[in-house]
Amino acid sequence: MKASAIAHSNIALIKYWGRAQDHDPTLNIPSNDSVSMTKYGLDDIHLQTHTTIEFSNYYEEDTAHLDGEVLSGRHRDRILRVIDPLRKYAGVDSKFKMMSKNDFPTEAGLASSSSGFAALAIATVNALNLDFTKEEISKYARLGSGSAARSIHGGFVYWNKGDSHDTSFAHQICDPEEFDMNAVIAIVHEGKKEVTSDVGHNFAHTSPFDEVRIRKSEEQAQEIKKAILDDDFTTVGKIAEENCKYMHAVMMTSTPPLFYWSPETLRLIRSTPEMRQEGLDCYFTIDAGPNVHYFCRPETMYDLQKALEKIEGVRKTIPVKPANDSHVTERHLL
Ligand code: DP6
């Protein structure tokens, strides 16, 4: 009972920030629908996680390793939140060993948990021989990390918030080839974040702007889905940029307030109109960290990358295109 999977991380165009207040918080049922692009790094960093899991009666305890380190505490608990219900569903009581490798720094605002829990859910479902659709796998990935629900699919993805474990899952809007959009990530800081998204979600509802953000995000999720299907890059970019600002307004005005930007982040935001004036059609988004993703048409990507590299404080850039579906692999790590 062993299987391995490779999963890609994703960047949200419409953000998930805050869990619905009337549900068990461990289910990660979000307060609004969200939309993302699953990403594939075009240089040596592909922004993906490779995970192997094996269930066996020879193991005396459950063990999980990430990048060579044994996981404990909240990291181990989140892994068990995905594996335990699947193990129960399959009627298996063997212990497991899990090995996982990210090809990028963990918790650096590059969404390591989206690819991590997507890889874990795919590998576990396959190791336990469960005949699940991608949508069903998405529900279990969500239990580890909300955004992982979207990383099961490639291309452009819609997570329907739902109102229960059974109705909250992601589906694909379109394949990577169907909408021409790439991105460049401007890395300004690579350290771990002070307040992880997992914790930050708990504070969203304390902001007086949260209700407005939720209502606008619901509208924008529909509008952006239409614009993706119409291949309307400008509308997609503008909506994504607006939605990111709404999320950060909520973060900054919650209790406690969360300021994820660094001076370099603001410098990038303020350089954006100038880059556009110079003909670089690009729009930014920022997650729970200081790094900035810029969306662009594929033909603009390398010029955009050069322009970003000239901005003070940008340490590295990573060009990305939409990834294919996350998938099972025969390459095992144990
Ligand atoms: C800002 O709870 O999925 O990236 O803490 O990495 O598990 P982790 O993140 P998660 O929250 C993601 C928050 C976000 C926006 C988004 O991806 O929708």
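Rules used in this analysis
Residues numbered from 1 in each chain as written. Predicted model: local features only at pLDDT ≥ 70, side-chain atom pairs only at ≥ 80, totals over all residues. Heavy atoms only, no water. Helix = DSSP H or I, 4+ residues; strand = E, 2+ residues; numbered from the N terminus. Rg over C-alpha atoms; globule rule 2.2 N^0.38 Å. Buried < 20%, exposed > 50% of the residue type's maximum accessible area, 1.4 Å probe, protein only. Contact = heavy atoms within 4.5 Å. Areas by Shrake-Rupley, 256 points an atom, 1.4 Å probe, with all protein chains shown as cover. Polar contact = N/O pair within 3.5 Å; in protein donor to acceptor, adjacent residues only side chain to side chain. Phe/Tyr/Trp six-rings, centres within 6.5 Å; stacked < 30°, edge-to-face > 60°. Lys NZ or Arg CZ within 6 Å of the ring centre and 35° of its normal. Disulfide = S-S within 2.5 Å. Arc of directions from axis to C-beta.

1. Here's the deal with the overall build of the chain
Secondary structure summary: the chain contains nine helices and 14 strands in total. In terms of C-alpha radius of gyration, the chain reaches 19 Å, essentially the compact-globule figure of 20 Å for 334 residues. Projected onto its principal axes, the C-alpha coordinates of the chain cover approximately 65 × 40 × 35 Å. Per-residue burial for the chain yields a buried fraction of 56% across its 334 residues. Expressed as a percentage of contacts within the chain between residues at least 6 apart in sequence, the contacts between residues at least 24 apart total 77%. Within the structure as shown, the chain displays about 14000 Å² of accessible surface, and the carbon and sulfur contribution to it stands at 49%.

2. Considerations on the side chain of Thr38
With respect to the helices and strands, Thr38 occurs in strand β3 (residues 34-41). On the basis of relative accessible area, Thr38 is assigned to the buried category, the value being 0%. Within the structure, Thr38 has its side chain in polar contact with the backbone oxygen of His153 (distance 2.7 Å). Excluding residues within four positions of it along the chain, Thr38 makes contact with His8, Ser9, Asn10, Arg150, Ser151, His153, Gly154, Gly155, Val157, Lys321, Pro322 and Ala323.

3. Some details on the environment of Ala288
With respect to the element layout, Ala288 can be found in the loop between β11 (283-285) and β12 (292-296). Each C-alpha atom of the pair Ala288 and His248 lies 8.4 Å from the other, and the pair is 40 residues apart in sequence. Not counting chain neighbours up to four residues away, the residues in contact with Ala288 comprise Trp17, Lys193, Ser197, Met251 and Tyr260.

4. A short note on the packing of aromatic side chains
Scanning all chains against the criterion turns up eight aromatic pairs. Against the face of Tyr158 rests Lys225, its NZ or CZ located 5.0 Å from the ring centre.

5. So, the state of the cysteines
Counting across every chain of the model gives zero disulfides. Free of any disulfide, Cys244 has its nearest cysteine sulfur in Cys282, 13 Å distant. Accessibility expressed as a relative area gives 0% for Cys244, which makes it buried. Residue Cys296 stays outside any disulfide, its sulfur separated by 7.7 Å from that of Cys282, the closest cysteine.

6. Comments concerning helix α9 (residues 301-309)
Of all the residues in α9, the buried ones are Met301, Leu304, Gln305, Ala307 and Leu308. For α9, the angular spread of buried residues about the axis comes to 165°, placing them on one side. In the core, the buried residues of α9 are packed alongside β10 (182-187), α8 (263-277), β12 and β13 (316-322).

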